[in-house]
Amino acid sequence: MPAPQAPANSTPLIPILQQIHTEAQALFGQGQVADYIPALAQVAPRQFGMAVALIDGSTFATGQAHTPFSLQSITKLFAFVLALKLEGEGLWKRVGREPSGAAFNSMVQLESEKGIPRNPFINAGALVITDILTSRYAHLDIAMLGALRRLTDAPDLSWNGHIAKSERETAHRNMAMAYFMKSYGNVLNPPELVLDNYCRQCAIEMNCAQLAQATMFLAHNGQDIDTDARPGEQFLSPSDARRVNALLLTCGAYDAAGDFAYRIGLPVKTGVGGGIVAIVPGRGTVAVWAPELDAKGNSVLGAFALERLTQLTGWHHG
Ligand code: GLN
């Protein structure tokens, strides 16, 4: 990561991030690390990192911004973007684009809605997306890592085998949902194979600085920015980037999406590893990580840090 420098818009990001880091530490102990995936229960709870990347290429960080963590549901964003690039509008026959208002792993809507999940960012929707990608790639993990390694310029980026195995061995609810959706014809591949791919995907690790870089195309009209390693490219069309941000704003934090929109007002994606990524369209991206979660599975310190950042910078949607 380059040395901190004054951002183009002259917002004093370095002291702001330091202030947020100090304030956030007062919230340690208010949440709990995820323990329904046994390997995640082993993560030390009192950790905090935050990174901001701006479209002019400058980056700013505080705390453990270079410590890798388990992306978990944040990968649903990347999987969805890959599927959207491949399937286009046809995708919407198999998954909706409405907030669910229910827990990320809820199955209650699936029966009345005939196996069509509400959106791609809840578990049921992500399983359908994984099924779509499983039909396209013989080795989905390699395809996904290839895209992410390029976006982050990190050739060693990978998924954590211990966490993937731990989730796979306890994925009873996700397996049940995959079978249930298969009964409606909305999962085409064997559920076991879909779950193998899904658990590997969820176990991908990145640090905050890499996550901010990986999502930069969403802040920049679908275009990745130039890095030291390579020129930027149009990763997604500008209109699709806008649509993805709209979905992240309305569905990116599960049944807390309304609360996040109210408090933070930015497109976000959260994960039970304690990470949150936020998009500031036209400006940059913010990644924050703190493993202690609230009752809805979102990072307590992460949500606080983003709320404070929007207050202190005036960055918000619209
Ligand atoms: N792998 C997790 C699961 O399927 C992801 C959930 C999350 O991050 N909210 O339960």
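Residues numbered from 1 in each chain as written. Predicted model: local features only at pLDDT ≥ 70, side-chain atom pairs only at ≥ 80, totals over all residues. Heavy atoms only, no water.

## A look at the overall build of the chain
Thinking step 1. If you tally the helices and strands in the chain, you get 13 helices and seven strands.
Thinking step 2. Here the C-alpha radius of gyration of the chain, 18 Å, is about what a compact globule of 318 residues would show, namely 20 Å.
Thinking step 3. In terms of its C-alpha atoms, the chain occupies a principal-axis envelope of roughly 55 × 40 × 35 Å.
Thinking step 4. The buried share among the 318 residues of the chain stands at 58%. (Helix = DSSP H or I, 4+ residues; strand = E, 2+ residues; numbered from the N terminus. Rg over C-alpha atoms; globule rule 2.2 N^0.38 Å. Buried < 20%, exposed > 50% of the residue type's maximum accessible area, 1.4 Å probe, protein only.)

## Examining unusual backbone geometry
Thinking step 1. If you check the backbone angles, Asp 153 has positive phi at about 55° while not being a glycine.
Thinking step 2. Note that Asp 153 resides in the loop between α5 (140-152) and α6 (161-169).
Thinking step 3. Residue Asn 221 is not a glycine yet carries a positive backbone phi of 55°.
Thinking step 4. Locating Asn 221 in the fold gives a position in the loop between α10 (216-219) and α11 (238-251).

## A closer look at the pairing of strand β2 (residues 59-63)
Thinking step 1. The pairing of strand β1 (residues 49-54) with β2 spans five bridges and is classified as antiparallel. In the strand pairing of β2, Ala 53 is matched with Thr 59. (Pairing = 2+ DSSP bridges.)

## Concerning the site of the ligand
Thinking step 1. Near the ligand, the surroundings consist of 14 residues, among which Tyr 36, Gln 72, Ser 73, Tyr 198 and Tyr 254 are the closest.
Thinking step 2. Between an oxygen atom of the ligand and a side-chain N or O atom of Tyr 36, the distance comes to 2.6 Å.
Thinking step 3. Here Glu 167 contributes a side-chain N or O atom positioned 2.7 Å from a nitrogen atom of the ligand.
Thinking step 4. Here the ligand, which alone exposes 300 Å², has 99% of that area covered by the protein.
Thinking step 5. Along the lines of polarity and charge, the residues of the shell around the ligand split into seven nonpolar, five polar and two charged. (Near = heavy atom within 4 Å. Polar contact = N/O pair within 3.5 Å; in protein donor to acceptor, adjacent residues only side chain to side chain. Areas by Shrake-Rupley, 256 points an atom, 1.4 Å probe, with all protein chains shown as cover. Nonpolar A, V, L, I, M, F, W, Y, C, P; charged D, E, K, R; others polar.)

## Examining the state of the cysteines
Thinking step 1. If you walk through the whole model with that rule in mind, you get zero disulfides.
Thinking step 2. Sulfur of Cys 199: no disulfide; nearest cysteine sulfur belongs to Cys 202 and is 6.3 Å away. (Disulfide = S-S within 2.5 Å.)

## Thoughts on helix α13 (residues 300-313)
Thinking step 1. With 14 residues, α13 ought to run about 20 Å at 1.5 Å a step, and its terminal C-alpha atoms sit 20 Å apart, in line with that.
Thinking step 2. Those residues of α13 that fall on the buried side of the exposure criterion are Val 300, Leu 301, Gly 302, Ala 303, Phe 304, Ala 305, Leu 306, Glu 307, Arg 308, Leu 309, Thr 310 and Thr 313.
Thinking step 3. Near the N-terminus of α13, the side chain that reaches the backbone nitrogen of Gly 302, with its oxygen 2.9 Å away, is that of Ser 299.
Thinking step 4. Looking one or two places after α13, you find Gly 314, whose phi comes out positive at around 80°. (Expected span 1.5 Å × (residues − 1).)

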